[in-house]
Amino acid sequence: MAKKLMKKYWWVMMLRGIIALIFALLAVFWTELTLEILVVLFAIFAIGEGFFAIASSIEASKKHEQWGLFLLEGVLGLVVGLLILSWPGISVVIFVYLIAMWALVTGLMEIWIGGSAELGPTAKSMIVLVGILSLILGVVMLAYPGATITVLIWLLGIYAFIVGIAMVIFSLEIKKFN
């Protein structure tokens, strides 16, 4: 997405960061969360991310800018979120694999965006940081799919907290970027 488009929709990135922070706080401070509640919260998060990415792709296509990866990220978020919501008896291991795959694909896209977008150094570093953290989350979850629910909740909570802070900083940098 070009810098003019990002600047116009800086608030979408801010909202993504706030949603991630809310998810993080619920996951870290409400550790007695049942798997069912965690699954629903994550599905809502993935669906929200999907809608934001699709909206970004639509706006980018109107401006004849790169939009394909945003659309792919958005569709992936929607599919994963809806799949999780429609599969209420999902096992922990399958849930872990779905989140891991989502994190890996999203991380690669965020790193690509950070490397190719015309942004200031802080904005670039924040979106690349989000991408790297997404990749790390995906790899760790694939390497240790049998993690306990508490570890899974904390891992997702810590990830969402760091991503939330980075996305808020990213959105503020985009807003002031000339």
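Described in the following lines is the structure provided in the data block.

As for helix H6 (residues 121–143)
Here is step 1 of the chain: With 23 residues, H6 extends 32 Å between its outermost C-alpha atoms, agreeing within 8% with the 33 Å of an ideal straight helix rising 1.5 Å per residue.
Here is step 2 of the chain: All buried positions along H6 are accounted for by Ala-123, Met-126, Ile-127, Val-130, Gly-131, Leu-133, Ser-134, Leu-137, Gly-138 and Met-141.

Quick look at the packing of aromatic side chains
Here is step 1 of the chain: Enumeration according to the criterion identifies two aromatic pairs in this entry.
Here is step 2 of the chain: Centre to centre, the rings of Phe-23 and Phe-45 are 5.7 Å apart; their planes meet at 20°, and the pair counts as stacked. Linking Phe-23 in helix H2 (residues 10–29) with Phe-45 in helix H3 (residues 35–62), this pair joins segments that are 22 residues apart in sequence. The two residues Phe-23 and Phe-45 agree in class, both being buried.
Here is step 3 of the chain: Centre to centre, the rings of Phe-45 and Trp-102 are 5.8 Å apart; their planes meet at 75°, and the pair counts as edge-to-face. Highlighted residues: Phe-45 in helix H3 and Trp-102 in helix H5 (residues 92–116), separated in sequence by 57 residues.
Here is step 4 of the chain: Judged by relative accessible area, Trp-102 falls into the buried class, the value being 3%.
Here is step 5 of the chain: An aromatic cluster is built from Phe-23, Phe-45 and Trp-102, whose rings are joined through pairwise contacts.

With respect to empty space enclosed by the protein
Here is step 1 of the chain: For the structure on display, the rule yields three cavities of 30 Å³ or more.
Here is step 2 of the chain: One number sums up the size of the largest cavity: a volume of about 60 Å³.
Here is step 3 of the chain: Considering the residues around the largest cavity, the lining is formed by ten residues, among which Met-13, Arg-16, Phe-70, Ile-113 and Ile-127 are closest to the centre.
Here is step 4 of the chain: Breaking the lining of the largest cavity down by element, the ones donating at least two residues are H2, helix H4 (68–86) and H5.

Observations concerning the pattern of salt bridges
Here is step 1 of the chain: Enumeration according to the criterion identifies five salt bridges in this entry.
Here is step 2 of the chain: Residues Arg-16 and Glu-73 are paired through a salt bridge, measuring 3.6 Å at the closest nitrogen-oxygen approach. Separated by 57 residues along the polypeptide, Arg-16 in helix H2 and Glu-73 in helix H4 bring together distant segments of the chain.
Here is step 3 of the chain: Across the pair Arg-16 and Glu-110 runs a salt bridge, and its minimum N-O distance is 3.7 Å. Taken together, the positions of Arg-16 in helix H2 and Glu-110 in helix H5 put the pair 94 residues apart, joining distant regions of the chain.
Here is step 4 of the chain: One salt-bridge network, held together by shared partners, links Arg-16, Glu-49, Glu-73 and Glu-110.

Re a nonpolar patch on the surface
Here is step 1 of the chain: Residues Leu-129, Trp-154, Ile-158, Phe-161, Ile-162, Ile-165 and Ile-169 make up a contiguous nonpolar surface patch of roughly 550 Å² in combined accessible area.
Here is step 2 of the chain: Mapped onto the elements, Ile-169 comes out in helix H7 (residues 149–176).

Some words on the environment of Met-167
Here is step 1 of the chain: Tracing the backbone shows Met-167 in helix H7.
Here is step 2 of the chain: C-alpha separation for the pair Met-167 and Met-126, spaced 41 residues apart in sequence, amounts to 6.9 Å.
Here is step 3 of the chain: Those residues in contact with Met-167 that sit more than four places away from it in its chain are Met-13, Arg-16, Gly-17, Ile-127 and Val-130.

Some remarks on H4
Here is step 1 of the chain: A rise of 1.5 Å per residue sets the reference length of H4, with its 19 residues, at 27 Å; its end C-alpha atoms lie 27 Å apart and thus fit the reference within 8%.
Here is step 2 of the chain: Buried within H4 we find Phe-70, Glu-73, Gly-74, Gly-77, Leu-78, Val-80, Gly-81 and Ile-84. The buried residues of H4 occupy one face: seen down the axis, they fall within an arc of 165°.

Calculation rules
Residues numbered from 1 in each chain as written. Predicted model: local features only at pLDDT ≥ 70, side-chain atom pairs only at ≥ 80, totals over all residues. Heavy atoms only, no water. Helix = DSSP H or I, 4+ residues; strand = E, 2+ residues; numbered from the N terminus. Expected span 1.5 Å × (residues − 1). Buried < 20%, exposed > 50% of the residue type's maximum accessible area, 1.4 Å probe, protein only. Phe/Tyr/Trp six-rings, centres within 6.5 Å; stacked < 30°, edge-to-face > 60°. 1 Å grid on protein atoms, 1.4 Å probe; cavity = no way out; pocket = protein on both sides within 12 Å on 5 of 7 lines; lining within 4 Å. Points joined across faces, edges and corners; volume = space filled by probe spheres on them. Salt bridge = Lys/Arg side-chain N within 4 Å of Asp/Glu carboxyl O. Patch = residues over 30% accessible without salt bridge, like charges linked within 9 Å, V, L, I, M, F, W, Y side chains within 5 Å. Areas by Shrake-Rupley, 256 points an atom, 1.4 Å probe, with all protein chains shown as cover. Contact = heavy atoms within 4.5 Å. Arc of directions from axis to C-beta.

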